[in-house]
Amino acid sequence: MLEKEDKDFLYDEDRIPFIEKFMVPQMYDLFKFGGDMVKDDERGIKRMMQYFSEFFTEEQLRENMERYNLPKMFEVVKGYFKKEYGYAGEDITLSNRYQHTINSYIYNDQDNPAFVHIDELFESTVIAFLLAMFKWSKDFDDLDIYGDCFRYVLFLMNDVCIFGEMQGQYANDSLLQLISGDVQILPLAEDCYWTIVVFSLAHELAHAYLADIGKSYSEEHPEKEEFDADMIAYHIVLKIIMEQEDDKRILEKYTYLAPMMYMDFFDLYYYTDRVLYKSRFFDPQHPLPIDRKKRLFALVNRDEYDFDTVDGNHLYGGFLDVYDEYRDQILLKMERGKLNRVLHTERRNRMRGNGND
Ligand SMILES: [Zn+2]
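To start, this report covers the structure provided alongside it. (Residues numbered from 1 in each chain as written. Predicted model: local features only at pLDDT ≥ 70, side-chain atom pairs only at ≥ 80, totals over all residues. Heavy atoms only, no water.)

Between its first and last C-alpha atoms helix H3 (residues 41-52) spans 16 Å; for 12 residues at 1.5 Å apiece the expected length is 16 Å, and the two agree. Inspection of H3 places Ile 45, Arg 47, Met 48, Met 49, Tyr 51 and Phe 52 among the buried residues, and these make up the whole buried set. If you follow the buried residues of H3, they end up packed against helix H4 (58-67), helix H8 (169-179) and helix H9 (185-212). (Helix = DSSP H or I, 4+ residues; strand = E, 2+ residues; numbered from the N terminus. Expected span 1.5 Å × (residues − 1). Buried < 20%, exposed > 50% of the residue type's maximum accessible area, 1.4 Å probe, protein only. Contact = heavy atoms within 4.5 Å.)

Structure (structure tokens):
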């Protein structure tokens, strides 16, 4: 098996033509050459069938979409809030338009109807991120896949997260191509995705619940509210995982660490921004993902959450290997000037000028 250094050596562009056969095609340009694409279920089904028709039928796909969708998950989360906290949040609605943000939030001015916003960009980015990370983790020793997955994650962080651009169709096709024929990756990513969706919905509803019970936070420590919302959200995720019977299961047990992956996703996003554009994450309201993750771990380790965690730990272990690899590679490549082609420095500076940073 190749060690990390060997891999980096292989990928060193100065060594072409000697190792030309190991070079991956330059798909990065293809990934980012898409333009906007907003969710379209019918088109989504067609494209999925294009890549996976040998593994499942269109009917199965439709059944699955009927069973797993955002409004349904929102209802599940509300049901659990009522059960666990006696809070119904009945008037709170769901908003799911494309607003160029991967952050979810709750709008609650205490006067007008409150709504939880989960952006279409969040949906498409998180699922694509999980697909690329799991594929990379699974086929780590396949140099073509390694390179494509690295570039895809970089594209997601650079173009999609930092600049809020929806992946285009070409990007999407490239990703589907990359995972086509791999029936293992698709359900892994989907299962973890739904756990993250439930976590996010519950986190936002938790803000409404905390306001409803009159919990107040000091101005010096607004981040405490975020930690509290995380604790409530993760409690709900774990309850759903523990209480559901296998045939009616909504969230799979082995996805119990998906909220950690979600924190890692944000961590990679901020890290990429720092490496590529020297940006510093600073948001007094929102604590660092790594601190949020620590608290989530403290919660899940409590005795009251008792279920089989072996597969979940394995999956997360593989994920973390790739997470480390991405961080190492992006830094190395940046230092060696290998990423100049994908930088949008001027555009990033303009964003800062607009007070977006
Ligand atoms: Zn929050």
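Back to the write-up after that little detour.
Once that is clear, we can look at the packing of aromatic side chains. Counting across every chain of the model gives 30 aromatic pairs. Where Tyr 105 meets Phe 115, the ring centres are 6.4 Å apart and the plane angle is 65 degrees; that geometry is what we call edge-to-face. In this pair, Tyr 105 sits in strand S2 (residues 105-107) while Phe 115 sits in strand S3 (residues 115-117), placing the two residues 10 residues apart along the sequence. Judged by its relative accessible area of 27%, Tyr 105 falls in the partly exposed class. Over the ring of Tyr 323 we find Lys 293, and its NZ or CZ is 5.8 Å from the ring centre. A cation over a ring is seen here: Arg 327 above Tyr 271, with NZ or CZ 3.9 Å from the ring centre. (Phe/Tyr/Trp six-rings, centres within 6.5 Å; stacked < 30°, edge-to-face > 60°. Lys NZ or Arg CZ within 6 Å of the ring centre and 35° of its normal.)

Moving on: the environment of Glu 219. Within the secondary structure, Glu 219 sits in the loop between H9 and helix H10 (223-243). Look at Glu 219 and you get exposed, because its relative accessible area is 75%. When the C-alpha positions of Glu 219 and Gln 285 are compared, they lie 9.6 Å apart, and in sequence the two are 66 residues distant.

Right, let's get into the coordination of the zinc ion. Donor atoms from the polypeptide that bind the zinc ion are His 203 (NE2), His 207 (NE2) and Glu 226 (OE), placed at 2.1 Å. Along the chain, the residues donating to the zinc ion are arranged with the sequence spacing H-x3-H-x18-E. Placement of His 207 in helix H9 and of Glu 226 in helix H10 is noted, with a sequence separation of 19 residues between them. Accessibility classification places His 207 together with Glu 226 in one group, the buried group. (Donors = N, O, S within 2.8 Å, 3.2 Å for Na, K, Ca; no water.)

On to the nonpolar core. Phe 81, Phe 129, Leu 130, Trp 136 and Tyr 234 are the most contacted members of the largest nonpolar core, which has 115 residues in total. Residue contributions to this core peak at 17 residues, all from H9. Setting aside residues no more than four positions away along its own chain, Phe 81 makes contact with Gly 86, Tyr 87, Ala 202, Leu 205, Ala 206, Tyr 209, Ile 232 and Ile 236. (Core = buried A, V, L, I, M, F, W, Y, C linked by side-chain atoms within 4.5 Å.)

Further remarks concern the packing of helix H11 (residues 258-277) against helix H13 (residues 310-335). H13 packs onto H11 with a crossing angle of 5 degrees between their chain directions and a minimal axis gap of 10 Å. Comparing the axis directions of H11 and H13 gives the class roughly parallel. Across from Met 260, Met 261, Asp 264, Asp 267, Leu 268, Tyr 271, Thr 272, Val 275 and Leu 276 in H11, the residues of H13 making contact are Leu 315, Tyr 316, Phe 319, Leu 320, Tyr 323, Tyr 326, Arg 327, Ile 330, Leu 331 and Met 334. Looking at the contact of H11 with H13 residue by residue, the class counts come to 15 nonpolar, one polar and three charged. (Axes fitted to C-alpha atoms, helices over the stretch in contact; angles between N-to-C directions. Parallel < 35°, antiparallel > 145°, perpendicular 65-115°, else oblique. Nonpolar A, V, L, I, M, F, W, Y, C, P; charged D, E, K, R; others polar.)

Time to look at the environment of Arg 280. Topologically, Arg 280 is positioned in the loop between H11 and helix H12 (289-300). Residues Arg 280 and Tyr 270, 10 residues apart in the sequence, show an inter-C-alpha distance of 7.7 Å.

Below, the discussion takes up the side chain of Ser 124. Within the secondary structure, Ser 124 is located in helix H6 (residues 120-138). Setting aside residues up to four positions removed in sequence, Ser 124 forms contacts with Met 166 and Gln 167.

Here we take up the pattern of salt bridges. If you walk through the whole model with that rule in mind, you get 13 salt bridges. Here Glu 84 makes a salt bridge to Lys 83, at a shortest N to O gap of 3.0 Å. According to the relative accessible area criterion, Lys 83 is partly exposed, its value standing at 48%. Connected through shared salt-bridge partners, Lys 83, Glu 84, Lys 239 and Glu 243 make up one network. (Salt bridge = Lys/Arg side-chain N within 4 Å of Asp/Glu carboxyl O.)

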